[in-house]
Amino acid sequence: MGRRKNIVIFAVITLLIVALMVVLRQRSEPNSNPDPNPDPDPDPDPGPDPGGEVVPITGKIAFLSTRKRGSLAIYVMTPNGSNQSEIYDWTIYYPETRGTSTNSIRAIAPSPDGKTIAFVGPGLSEVDGWREDIYLIYLTYINGSDLINGSDLIKLTDHFQNELDPSWSPDGTEMVYSSRRDGYWQIYKMDADGGNQERITEMDSLDPDWSPDGKKIVYVISNLVGSISIMNADGSNPTPIIGAVGRSPRWSPDGTKIVYQSLYTYSDSDGNHYSAWEIYVAHISESHLPRIVKITNEDPLNPYGITEIKVHYLCPGHRNPSWSPDGKILFDLTIGNDTQIWVMNDDGSNRVKLTQTGTGINQYPVWLPSP
């Protein structure tokens, strides 16, 4: 009896061992018949966050052109250069200024809300002579964003010396500008309606541009061309940052770069030397000096068609740089007697021509925000 009991126990243990070996073997071998519809991962890895929706930039490019009447008038076009149309011509409203040495608009500065444009224009009487002042026009839109024209001229400065280079504060309540009313160039600040005009520099200074955060102003020291400096918005703590001869410094939309134009000397195949404007980008840092990158570079064998030495403000090349909201650089390029508007990346790549030869002089492109 005891022997039979032992045999039964042995048989049961043997069966258990065999069953365990079968289970272990099935787990170690790949499944030759996988489930064609496996359950999805209850908590799959979503991968990197794709970020928010990309919002396209809105607005237009405002610029100056001589295409209709020979004097510079304000035009606008879409960011790709289409739908170019005139919105304001000074000489239509003030024909008595035609034929003067400064007979048309020379610089434009759209307000941050896109509803007005400040510009530099000639005096309105014979006693004004060659001097220039800063004016403001209101823009008329239909359907919310279709720009029709500019009107309702307001004179913001009125002095017997030149007033140039208007630049808006980011909130649109103030402007800075260059004035020669003290006998040499200085930077002034005023309210958007022309009130409370006050000088904020002590050295020979001009060509200011307000930083996007409203805390700083970049400008040029010296007469007409000189080193580039930064100061606080109230004029305090002036600090030179770029020693090269430059003009037209402009902050990038994110405040990390400053684009400017500077004279560059070329030599032709005969050993003659000449100067042309080129565009540079300064990468700004709080901890060290800016990193300067020259982003335009033409063929050194006289690509600009220069036949004579010119004073600096008549030199050809890349001039009047400014920024679009997406960080591209607008500029005008003069080759020979032809001046047209281009756009490029902030490293100088992907240059696209926006206005065409045969449409007159096209220059001074700036971004006009949508209202």
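Located above this text is the structure these notes cover.
Everything numeric in this text was worked out from a predicted model, so none of it was measured. All chains use their own residue numbering, which begins from 1 and follows the written sequence. With pLDDT at 70 or above as the cut-off, local features in this predicted model cover only qualifying residues; side-chain atom pairs require 80 or more to be listed or tallied, and sums for whole chains, interfaces and linings still use all residues. Hydrogens and water are ignored here; the side-chain numbers use all heavy atoms of the structure.

(A) Main features of unusual backbone geometry. Even without being a glycine, Asn83 presents a positive backbone phi close to 55 degrees. Secondary structure elements follow DSSP: runs of H or I no shorter than four residues count as helices, runs of E no shorter than two count as strands, and numbering proceeds from the N terminus. Assignment of secondary structure puts Asn83 in the loop between β2 (73-77) and β3 (85-88). Unlike most non-glycine residues, Tyr364 shows phi in positive territory, near 55 degrees. Relative to the helices and strands, Tyr364 is located in strand β23 (residues 362-368).

(B) Quick peek at the pairing of strand β1 (residues 60-65). Exposed residues in this analysis have more than 50% of their type's maximum accessible area, buried residues have under 20%, and partly exposed residues fall in between, with area computed by a 1.4 Å probe over protein chains only. Extensive coverage of β1 is indicated by the burial of five of its six residues. Pairing of β1 with β23, which is carried by five bridges, proceeds in the antiparallel orientation. Its bridge partner being in β23, Ile61 is matched across the sheet by Trp367. Should DSSP find at least two bridges between two strands, the strands are regarded as paired. Taken together, the five bridges between β1 and β2 define a ladder with antiparallel strand orientation.

(C) Representation of the side chain of Ser248. Relative to the assigned elements, Ser248 resides in strand β15 (residues 239-251). Overall, Ser248 belongs to the buried group, its relative accessible area being 8%.

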